[in-house]
Amino acid sequence: MKNLIKKSKVAALLLVMVGFSSCDAVLDQEKTDFGTGPVLAQFTNSSISANFIKDGTEQTYNIPLTIVGGRNLALNEPIQVTVSADASSTAVSGTEYTLETTTFTIPAGEMTVNVPIKVATSSLDPFDAKTLVLKIDSSSKGVSENNKTSVVLQAVCELDLNNFVGTYTTNDSGVSKQSTVTLGALPNSLLIKTGSEKIYIELNTDVTNPTITYVEEGAVLSVSSTYGDIWATTVTAEQSTYGSCDYSLNLEYKRCVSIGCFSGTKTKTMVKN
């Protein structure tokens, strides 16, 4: 009887071991198959806004192209990619831009390569931006369905703070209001008044990447009977921008008091009269 029990235990143990072995085999198979899809070429960004100071120079602008898929790792072989300008482009070759090379190599061990274009800043119109649409025609591996990128070639002007001074029509959450803008006491700063409301802002000096930050002292949006002064506070500098050619101001800020900030953000779009 004891021998029978021992044999039964051994048989059960063997069945369990076989089960584990089968599971391991399945897991190993899944691990082997994971991430072995095709390697595809695509642009890093589906759309880009490229700003250029209209100073008459020719500038080189790089548009990154990458590979995706597979194991999302660089390959041990180079990948050849060809690109061209799509017919939907409004930018004209030889006028706003020049694409001097159409064949590019992603080197072995790398995942990206830059597609350079020459931009003629003298041909750009700050009030009529042109768009270059590039497409990937072929790749020595594969081409993604997302094989295009739109590059907006936007001219910007040198920063002249005095040109921001004046009256504006302000869209304040769908309500049209009149505002006045004057120079602030700090460098590159402006004081915005809309009725009794005041907003104090600082403009960065990089007109190709224009951003705005808010100065909390010296400008009060309103006064709360419960919380006291309410002022505008920066969310991130990139969420508020300005136009160096048309002197527009696009504001987004938090409303804060001494004990904290209200939820959500406030937006204003200001167009100079």
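Preceding this paragraph is the structure being described.
Residues numbered from 1 in each chain as written. Predicted model: local features only at pLDDT ≥ 70, side-chain atom pairs only at ≥ 80, totals over all residues. Heavy atoms only, no water.

**Quick notes on the environment of Ser189**
Tracing the backbone through its elements, the reader meets Ser189 in strand E12 (residues 189-194). Between the C-alpha atom of Ser189 and that of Leu203, which follows or precedes it by 14 residues, the distance is 6.2 Å. The residues contacting Ser189, other than those within four sequence positions of it, are Leu161, Leu183, Gly184, Tyr200, Ile201 and Glu202. Among the polar contacts made by the side chain of Ser189, one reaches the main-chain carbonyl oxygen of Leu186 at a distance of 2.5 Å. (Helix = DSSP H or I, 4+ residues; strand = E, 2+ residues; numbered from the N terminus. Contact = heavy atoms within 4.5 Å. Polar contact = N/O pair within 3.5 Å; in protein donor to acceptor, adjacent residues only side chain to side chain.)

**Quick word on the pattern of salt bridges**
Scanning the entire structure with this criterion turns up eight salt bridges. Two residues, Lys141 and Glu77, come together in a salt bridge whose shortest N-O distance is 3.2 Å. Taken together, the residues span a long stretch of sequence, with Lys141 in the loop between strand E8 (130-139) and strand E9 (148-156) and Glu77 in the loop between strand E3 (58-69) and strand E4 (79-85) at a distance of 64 residues. Judged by relative accessible area, Lys141 falls into the partly exposed class, the value being 38%. (Salt bridge = Lys/Arg side-chain N within 4 Å of Asp/Glu carboxyl O. Buried < 20%, exposed > 50% of the residue type's maximum accessible area, 1.4 Å probe, protein only.)

**What about the nonpolar core?**
The biggest cluster of nonpolar side chains holds 28 residues, and the ones touching the most others in it are Phe43, Ile63, Leu65, Val81, Val83, Val115 and Leu153. Put simply, the parts of the chain that give this core at least two residues each are strand E1 (39-43), strand E2 (47-53), E3, E4, strand E6 (103-106), strand E7 (112-120), E8 and E9. The element contributing the most residues to this core is E7, with four residues. In this view, Phe43 contacts Ile63, Pro64, Leu65, Val83, Val115, Leu134, Lys135, Ile136, Asn146, Asn147, Lys148 and Thr149; residues no more than four positions away in its chain are not counted. With 23 residues, the next largest nonpolar core counts Val156, Tyr168, Leu190 and Leu251 among its residues. (Core = buried A, V, L, I, M, F, W, Y, C linked by side-chain atoms within 4.5 Å.)

**Describing the sheet that holds E9**
An order of E2-E9-E8-E4-E6 is seen for the five strands of this open sheet, with the pairing classed as mixed. Of all strands in the sheet, those with a lone pairing partner are E2 and E6, marking the two edges. Looking at each pair of strands side by side, their axes are set apart by 30 degrees on average, direction ignored. Of the strand pairs in this sheet, E8 and E9 are connected by six bridges, and their pairing is antiparallel. Bridging from a neighbouring strand, Lys130 pairs with Leu153 of E9. (Pairing = 2+ DSSP bridges. Axes fitted to C-alpha atoms, helices over the stretch in contact; angles between N-to-C directions.)

**Re a nonpolar patch on the surface**
A cluster of nonpolar residues, Tyr227, Ile259 and Phe262, forms a patch on the protein surface that exposes about 310 Å² of accessible area. Relative to the helices and strands, Phe262 is located in the loop between strand E19 (260-261) and strand E20 (266-272). (Patch = residues over 30% accessible without salt bridge, like charges linked within 9 Å, V, L, I, M, F, W, Y side chains within 5 Å. Areas by Shrake-Rupley, 256 points an atom, 1.4 Å probe, with all protein chains shown as cover.)

**What about the state of the cysteines?**
All told, the structure shown has two disulfides when counted by the stated rule. Between the sulfur of Cys157 and that of Cys245 lies a disulfide, 2.0 Å long from S to S. Between Cys157 and Cys245 the disulfide shows an S-S torsion of about 105 degrees. By sign, it is right-handed. Of this pair, Cys157 sits in the loop between E9 and strand E10 (166-172) while Cys245 sits in the loop between strand E17 (241-242) and strand E18 (249-257), and the two are 88 residues apart along the sequence. Exposure remark for Cys157: the relative accessible area of 27% places this residue in the partly exposed category. Using a relative accessible area of 14% as the deciding quantity, one classes Cys245 as buried. (Disulfide = S-S within 2.5 Å.)

**With respect to the pairing of E4**
Both E4 and E6 contribute to a ladder of four bridges, which runs antiparallel. Across the sheet, the residue bridging to Ile79 is Ile106, located in E6. As judged from the five bridges shared by E4 and E8, these two strands associate in the antiparallel manner. Residue pairing across strands places Ser84 opposite Lys135, the latter belonging to E8.

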